[in-house]
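Summary of the model geometry
Each chain, written out:
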Amino acid sequence: MNPQVTRDAYGVPHLQAGDPLTLVHLQGANAAHDRAWQLEYARHRFNGTTAAFLGPDAVPWDTFARQSRLADTARQCFDALDSSTAEWVTAYVDGVNSALPSAEAAEFVETGLTPGVWEPWTPLGIWLAVHILFAGFPGKLWRTHVAQRLGDEYLQLFTAEGPVSSGSNGWLIPGSSTTTGQAIVAGDPHRYIEHPGVYQQIRLACPEYDVLGLAVPGIPGLAHFGHSGKVAWAITNATADYQDLYDEQLRRTGSSVEALGPSGWAPASLHTEVIEVADADPVTIDVIETERGPIIVDHAGQTLSLRYPPRVLKRLGFEVMPRLLKAATVDELDAALEDWVEPVNVVMAADVSGGLLHRVAGVVPQRHAANLLRVVPAWDASFAWDGWHPMPRRDVTGPIAMANAREIAAPLGVEFAAPHRHHRIHELLLSRSDWSVGDMPTIHTDTYLGSAAGILDRLPSVDLSTEAVALRNELLSWDRRMDATSTTASTYAALRKAVIARLTDRFSILENPDCPEIFAPYLDTLAHVSFALENLLESADLDITPIIQAALEDVAAAKPRPPWGETHQLSPLHPLRTPLFTPSEAPIDLALSGDHHCVWSTSSLPGFTDITLRASAARYAWDLADRSASAWVVPLGTSGRQGHPHHHDQLPLWLRGELIPVTQPAVD
């Protein structure tokens, strides 16, 4: 079979080849053709070389990437691969290198950047860069900061079940609750909406397998979401805690450095690296690594090392990726996942024989409970790692929902997503027993806001102005749906913002922490008050009623609120801040329904802005009865080139919450 690429009406590539190596080579070439700038930017990102074309603003990331040893870890993980997987990954890289030099992207012209050569470990480095902040170790910086400013008794105050950097919805409906008698697997991963998108719809077919799903550009195979016709799988972030921060004591003698560990002083590695910066002088940094891990903070008298499993084990789990493509049953999928490392995911899967799977996959160290909460001393053996947690699993006896909440992965972490999305999805799943794939958008787009009760159930009934009484009555009669057309939804958002502002004032002592620039957003007081709002409303140390009363009066005195969608709009991220639309393209209303705690999860930063940066990076619905009846959608389109017909042709559908069938007419 000669390698070939055909495309459907939405530009989705269907790749065919005579064997897996030729196919994965074709996948690499296709990724370079469709997403050239995205791939090249990702390569520079894990190498810590983005400042060379982005300028001084990129220095903090480049410093972190180098000091956390992303490129070196990727190289070590690649060297540890078995020969078969290494050959498979290398074939993908060869495909990228075959197509990238001739690929087109306006960003190359804008920056003057010329595509470089990919090394065999480049996909592993990209994977590390995407997920290094995934497990939320900066939260330990925040909690340590809170304890230092307020005292240890406040350590748990901001550990409310709140938003994490990434999340997902997912659900599995067994055949007993579907119209076909076969299972449905559906959901949507939540990430920052990037331009171009973080997922690529694709089909990979060769004599050994035929799988469609969502690929990560720059990564071979289909790591997270796939359907082979016989078995389908999907994941959500387990929100497990598997990265630790250690307070290090260093002493330097000439050009050498030592670190104090449980057994005394021991040599640490040290070298310097130079970061080239566009339109500015180069920056020289120290790269230090102790027995715990690389030093990622050496600032204001604080020296912290990061310990994370890929660096310790020299494994990422890339061996699993080709096995997923070959799996024909949930048992084979389950066996493959035993070698998964990074990140830790909750997995659900189903096959056509009735097999069902619900488990956690990944690696989580066993250690002292304090490690999960805050920075711990490197010289105390009590905080050393001691083996690995067994991965939880559960039998599937009915419909299941996954939404990053404290469920199956509870033994593996300390802070999970609020339970509202999980509860709502589960409630919807149990409301009927005749589900079809065509019904899945009714779940994807549910806008009920369970967390609204935190404020609405505390609305005061005394000492209110006439305007505030009318506003309270409006809110109490509201259906609590964050619909784009609803003015009451925007009124509630304004009230929430006013409450958050007042609570943030109560914690002004936490403002302006002295930390490296890259971690400043993770230590922002307003953001943490927003995330922990429900927990703070329950706090016995805060007199909440006057706060809500004053906020209610302020909102009542303001002008009438516009519909929620006028301020709650999508704003895709791009490192060059290129506008989404060219002047010749017709504008699209980017209004969004939903909110962070809705199933239709469209996250802004309550208290700061209504603009949506994080939402569904894709939506999917896998039908085990008939794969061709499955459906999906992405926020923009298949092409990363602005001005291309398939750059954002799926956006109107995505904004409305619609899906498109995975089987579309082929086009020339």
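For the structure itself, consult the block above.
Presented here is a report on the structure given in the accompanying data block.

Cut-off values and rules
Residues numbered from 1 in each chain as written. Predicted model: local features only at pLDDT ≥ 70, side-chain atom pairs only at ≥ 80, totals over all residues. Heavy atoms only, no water. Axes fitted to C-alpha atoms, helices over the stretch in contact; angles between N-to-C directions. Helix = DSSP H or I, 4+ residues; strand = E, 2+ residues; numbered from the N terminus. Parallel < 35°, antiparallel > 145°, perpendicular 65-115°, else oblique. Contact = heavy atoms within 4.5 Å. Nonpolar A, V, L, I, M, F, W, Y, C, P; charged D, E, K, R; others polar. Phe/Tyr/Trp six-rings, centres within 6.5 Å; stacked < 30°, edge-to-face > 60°. Buried < 20%, exposed > 50% of the residue type's maximum accessible area, 1.4 Å probe, protein only. 1 Å grid on protein atoms, 1.4 Å probe; cavity = no way out; pocket = protein on both sides within 12 Å on 5 of 7 lines; lining within 4 Å. Points joined across faces, edges and corners; volume = space filled by probe spheres on them. Core = buried A, V, L, I, M, F, W, Y, C linked by side-chain atoms within 4.5 Å. Pairing = 2+ DSSP bridges. Polar contact = N/O pair within 3.5 Å; in protein donor to acceptor, adjacent residues only side chain to side chain.

This next bit is on the packing of helix 16 (residues 466–476) against helix 20 (residues 544–557). Following both chains from N to C, one finds helix 16 and helix 20 inclined at 100°, their axes separated by 8 Å at the closest point. Between helix 16 and helix 20, the interaxial angle falls into the category roughly perpendicular. In contact with Glu467, Ala468, Leu471, Arg472 and Leu475 of helix 16, helix 20 contributes Leu552, Glu553, Val555 and Ala556. Looking at the contact of helix 16 with helix 20, its residues break down into six nonpolar, no polar and three charged.

Once that is clear, we can look at the packing of aromatic side chains. For the coordinates displayed, the defined rule picks out 15 aromatic pairs. Here the aromatic rings of Tyr199 and Phe225 are separated by 5.6 Å at their centres, their planes lie at 80°, and the arrangement is edge-to-face. Note that Tyr199 is positioned in the loop between strand 4 (184–192) and strand 5 (200–206) and Phe225 in strand 7 (residues 225–227), a separation of 26 residues in sequence. Of the two residues, Tyr199 and Phe225, both sit in the buried class.

We now examine the layout of surface pockets. Gaps left between atoms show up when a probe the size of a water molecule is rolled over them. Here the second largest pocket is characterised by a volume of approximately 330 Å³. What lines the second largest pocket is a set of 19 residues, and nearest its centre among them are Thr63, Gln67, Ile296, Asp298 and Pro516. Put simply, the parts of the chain that give the lining of the second largest pocket at least two residues each are helix 4 (59–67), strand 13 (283–289) and strand 14 (295–299). Of the residues that constitute the lining of the second largest pocket, the class distribution is 12 nonpolar, four polar and three charged.

What follows covers the nonpolar core. Proteins that are soluble and globular tend to have nonpolar side chains buried together. The biggest cluster of nonpolar side chains holds 202 residues, and the ones touching the most others in it are Phe158, Val499 and Phe519. In terms of residue count, the dominant contributor to this core is helix 17 (residues 487–506) (nine residues). Beyond its immediate sequence surroundings of up to four residues, Phe158 is in contact with Trp142, Val146, Glu415, Phe507, Leu510, His528, Val529, Ala532, Asn535 and Leu536. Counting seven residues, the second-largest nonpolar core is a separate cluster that includes Ile275, Val277, Ile285 and Val287.

Judged by pairing direction, the sheet is antiparallel, and its four strands sit side by side in the order 10-11-12-13 without closing on themselves. Looking along the sheet, the strands with just one partner apiece sit at the ends: strand 10 (250–253) and strand 13. Each strand of the sheet is rotated relative to its neighbour by a mean of 35°, with strand direction disregarded. Relative to strand 13, strand 12 (residues 264–275) runs antiparallel, the two being bridged by seven bridges. Within strand 13, the position partnered with Ile275 by the bridge is Val283. Contacts from helix 4 reach strand 12 and strand 13 within the one sheet, and its direction differs from that of strand 13 by about 30°.

Bringing the side chain of Ser486 into the picture now. By the element assignment, Ser486 lies in the loop between helix 16 and helix 17. At 2.9 Å, the side chain of Ser486 and the backbone nitrogen of Ala489 are in polar contact. Ser486 has contacts with Trp478, Arg481, Pro562, Pro563 and Trp564, leaving out every residue within four places of it along the chain.

Turning our attention to empty space enclosed by the protein. Here the structure, examined in full by the defined rule, presents seven cavities of 30 Å³ or more. The computed volume of the second largest cavity comes to approximately 90 Å³. Along the walls of the second largest cavity sit 14 residues, with Val346, Asn404, Ala405, Glu407 and Ile408 positioned nearest its centre. Going through the elements one at a time, strand 8 (231–237) and strand 19 (400–402) are the ones with two or more residues in the lining of the second largest cavity. Taken together, the residues of the lining of the second largest cavity sort by class into eight nonpolar, five polar and one charged.

Turning our eyes to something else, we now look at the sheet that holds strand 14. Spatial strand order, 14-15-9-18: four strands in an open sheet with mixed pairing. Looking at strand neighbours, the two that pair on one side only are strand 14 and strand 18 (376–377), the edges of this open sheet. Two elements, strand 14 and strand 15 (residues 302–307), share four bridges in a ladder whose sense is antiparallel. By the bridge assignment, Val297 is partnered in strand 15 with Leu304.

On to unusual backbone geometry, then. For the bond running from His195 to Pro196, omega is 10°, close enough to zero to count as cis. As for its position among the elements, Pro196 is in the loop between strand 4 and strand 5. Notably, Asn404 is not glycine yet its phi reads approximately 65°, a positive angle. Considering the arrangement of structural elements, one finds Asn404 in the loop between strand 19 and helix 13 (420–429). The phi dihedral of Arg480 falls on the positive side, at around 65°, and the residue is not glycine. By the secondary structure assignment, Arg480 is in the loop between helix 16 and helix 17.

Across the seven residues of strand 8, seven count as buried, placing the element largely inside the fold. Here strand 8 shows two buried faces, one formed by Val231, Trp233, Ile235 and Asn237 and the other by Ala232, Ala234 and Thr236. Sheet topology places strand 7 next to strand 8; two bridges connect them, and they run antiparallel. Directly across from Gly226, in strand 8, lies its bridge partner Trp233. Taken together, strand 7 and the strand that follows it, strand 8, pair antiparallel across an intervening segment of three residues, in which Gly229 is found at a positive phi of about 95°. Relative to strand 16 (residues 345–351), strand 8 is paired through seven bridges, and the arrangement is antiparallel. Residue Val231 lies in a different strand from strand 16, and its bridge partner there is Asp351.

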